[in-house]
Amino acid sequence: MYYKQWVCKVCGYNMIGEMPDVCPFCGARHDRFVTWDEAEQTYRVTPHRVNDDVTQLLSVPRLGFEHAAYRIETDEGAVWIDCPSAFNRDLEPVKAIYFTHKDFMGASNQYRDLWGAKVYLHIFDAEHPLAKPFPVDRPFDGDFTEHGIEAFHIGGHTPGFTMYIYGKVLFICDYAFPPGSRMRLNPFGPQDETRDRAARILEIISERSLQTVCGYNFIAEFDSWREDFKQLLDRVKQTSKLH
């Protein structure tokens with residue numbers, strides 16, 4: 001199926017339908033948009049191996065904010081966590097696309113049509129106007145495990161924010177970034193709820209023996225990331241007491 005679809009070069013957001021005057025995600029004017037097929041000709045979704053089962057997918061050259069998607073080779077077939085902004089029809093197909101939240105829907109409608117991939121997004125985010133144009137096959141409403149992937153509904157940054165664990169890898173997207181001493185919680189969305197729901201992340205990962213954290217633009221060693229995350233929550237807790 002061929003869509004009227006536009007890609008914002010400032011943020012990478014895909015817009016389905018008539019071209020708007022400004023990007024509904026970042027507010028860039030329409031002269032910064034390209035058609036989806038122009039984007040396909042310009043940007044190559046390029047794999048970078050994380051481990052034997054996980055590959056990071058990034059556009060070359062960088063497209064807007066350039067959020068990473070991740071391909072997982074499960075025993076039941078390949079899946080993605082989040083989706084590239086650029087559509088490249090020569091990529092290896094996946095059975096499903098699991099989203100952390102509504103902000104990174106990318107060109108998921110195009111890949112869904114090409115491969116018959118099932119799209120998963122928490123129902124709270126699927127109801128958001130930014131997500132409405134994108135087909136969602138499985139609007140879930142809680143935690144679940146499928147294809148060996150564990151999904152945990154967190155909320156906070158967005159109402160439906162969901163993190164995933166597969167094997168020794170945590171997929172956290174942009175809930176907290178960057179790795180290291182400058183880590184902060186995502187500043188967009190309800191800050192009190194983002195802070196409060198972060199406690200569930202720490203609870204889930206505190207007893208896990210993981211190795212790697214895959215974020216929206218980084219890959220980090222798990223133990224050091226977890227320590228940075230603990231310290232971040234301690235700082236945030238102290239700051240909230242002062243106020």
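Thresholds applied
Residues numbered from 1 in each chain as written. Predicted model: local features only at pLDDT ≥ 70, side-chain atom pairs only at ≥ 80, totals over all residues. Heavy atoms only, no water. Buried < 20%, exposed > 50% of the residue type's maximum accessible area, 1.4 Å probe, protein only. Helix = DSSP H or I, 4+ residues; strand = E, 2+ residues; numbered from the N terminus. Pairing = 2+ DSSP bridges. Salt bridge = Lys/Arg side-chain N within 4 Å of Asp/Glu carboxyl O. Polar contact = N/O pair within 3.5 Å; in protein donor to acceptor, adjacent residues only side chain to side chain. Contact = heavy atoms within 4.5 Å. Phe/Tyr/Trp six-rings, centres within 6.5 Å; stacked < 30°, edge-to-face > 60°. Core = buried A, V, L, I, M, F, W, Y, C linked by side-chain atoms within 4.5 Å. Patch = residues over 30% accessible without salt bridge, like charges linked within 9 Å, V, L, I, M, F, W, Y side chains within 5 Å. Areas by Shrake-Rupley, 256 points an atom, 1.4 Å probe, with all protein chains shown as cover. Lys, Arg positive; Asp, Glu negative; His and termini not counted. Charge placed at Lys NZ, Arg CZ, Asp CG, Glu CD. Disulfide = S-S within 2.5 Å.

Asker: Help me out: how do you make sense of the pairing of strand E12 (residues 149-153) in this one?
Answerer: For a regular strand, side chains alternate in direction, first toward one face of the sheet and then toward the other. In terms of residue burial, E12 counts as a mostly covered element, since four of its five residues are buried. Linkage of strand E11 (residues 144-146) to E12, two consecutive antiparallel strands, is achieved through a turn of two residues, within which His-147 is found at a positive phi near 55°.

Asker: I'm lost on the pattern of salt bridges in this one. Help?
Answerer: When their charged atoms lie close together, side chains carrying opposite charge are able to pair. For the structure on display, the rule yields 13 salt bridges. Asp-196 serves as the salt-bridge partner of Arg-195, at 3.2 Å between the closest nitrogen and oxygen. Look at Arg-195 and you get partly exposed, because its relative accessible area is 26%. Look at Asp-196 and you get partly exposed, because its relative accessible area is 47%. Bridged by salt links that share partners, the residues Arg-112, Asp-113 and Asp-137 form one connected network.

Asker: Help me out: how do you make sense of the side chain of Thr-194 in this one?
Answerer: Tracing the backbone shows Thr-194 in helix H4 (residues 191-205). Since its relative accessible area comes to 0%, Thr-194 is described here as buried. Side-chain polar atoms of Thr-194 contact the backbone nitrogen of His-157, separated by 3.3 Å. In contact with Thr-194, other than residues within four places in its own chain, are Gly-156, His-157, Tyr-175, Leu-185 and Asn-186.

Asker: Would you explain the environment of Cys-8 in this entry?
Answerer: Considering the arrangement of structural elements, one finds Cys-8 in strand E1 (residues 5-8). Separated by 26 residues in sequence, Cys-8 and Val-34 have C-alpha atoms that sit 6.6 Å apart. Sequence-distant contacts of Cys-8, defined by excluding residues within four places in its chain, comprise Tyr-13, Met-15, Cys-23, Cys-26, Ala-28, Arg-32, Phe-33 and Leu-63.

Asker: Is there a simple way to think about the packing of aromatic side chains in this case?
Answerer: Both the distance between ring centres and the angle between the ring planes are used here to describe each pair of aromatic rings. All chains considered together, the criterion is met by 18 aromatic pairs. Ring centres 5.0 Å apart and planes at 35° place the aromatic pair Tyr-111 and Trp-115 in the tilted group. Taken together, the residues Tyr-111 and Trp-115, both in helix H2 (residues 108-115) and four residues apart, mark about one turn of the helix. Taken as a pair, Tyr-111 and Trp-115 share a single burial class, namely buried. Grouping aromatic residues by their ring pairs yields a cluster made of Trp-36, Trp-80, Phe-87, Tyr-111 and Trp-115.

Asker: Even after reading the chapter, I still don't get the nonpolar core, so can you show me in this structure?
Answerer: One recurring pattern in soluble globular proteins is that nonpolar side chains are buried together. Counting residues in hydrophobic clusters, the biggest one holds 37 residues, and the most contacted among them are Cys-23, Trp-80, Ile-97 and Tyr-111. If you list the elements that add at least two residues to this core, you get E1, strand E3 (33-35), helix H1 (36-42), strand E7 (77-81), H2 and strand E9 (118-122). At three residues, E1 tops the list of elements feeding residues into this core. Sequence-distant contacts of Tyr-111, that is, excluding residues within four places in its chain, are made with Val-45, Trp-80, Cys-83, Pro-84, Ala-86, Phe-87, Asn-88, Leu-91, Ile-97, Gly-116 and Ala-117.

Asker: Any chance you could explain a negative patch on the surface here in plain terms?
Answerer: Residues Asp-52, Asp-53, Asp-75 and Glu-76 make up a contiguous surface patch of negative charge. Mapped onto the elements, Glu-76 comes out in the loop between strand E6 (69-74) and E7.

Asker: Whenever I open this one, the state of the cysteines confuses me. Can you help?
Answerer: Such a bond, covalent and formed between the sulfur atoms of two cysteines, is termed a disulfide. A full pass over the atoms with the stated rule returns zero disulfides. Cysteine Cys-83 shares no disulfide, and the gap to the nearest cysteine sulfur, in Cys-173, comes to 12 Å.

Asker: Any chance you could explain the side chain of Asp-103 here in plain terms?
Answerer: Following the sequence through the fold, Asp-103 ends up in the loop between strand E8 (96-98) and H2. On the basis of relative accessible area, Asp-103 is assigned to the buried category, the value being 11%. Once residues within four sequence positions are removed from consideration, Asp-103 is found in contact with Phe-25, His-157 and Thr-158.

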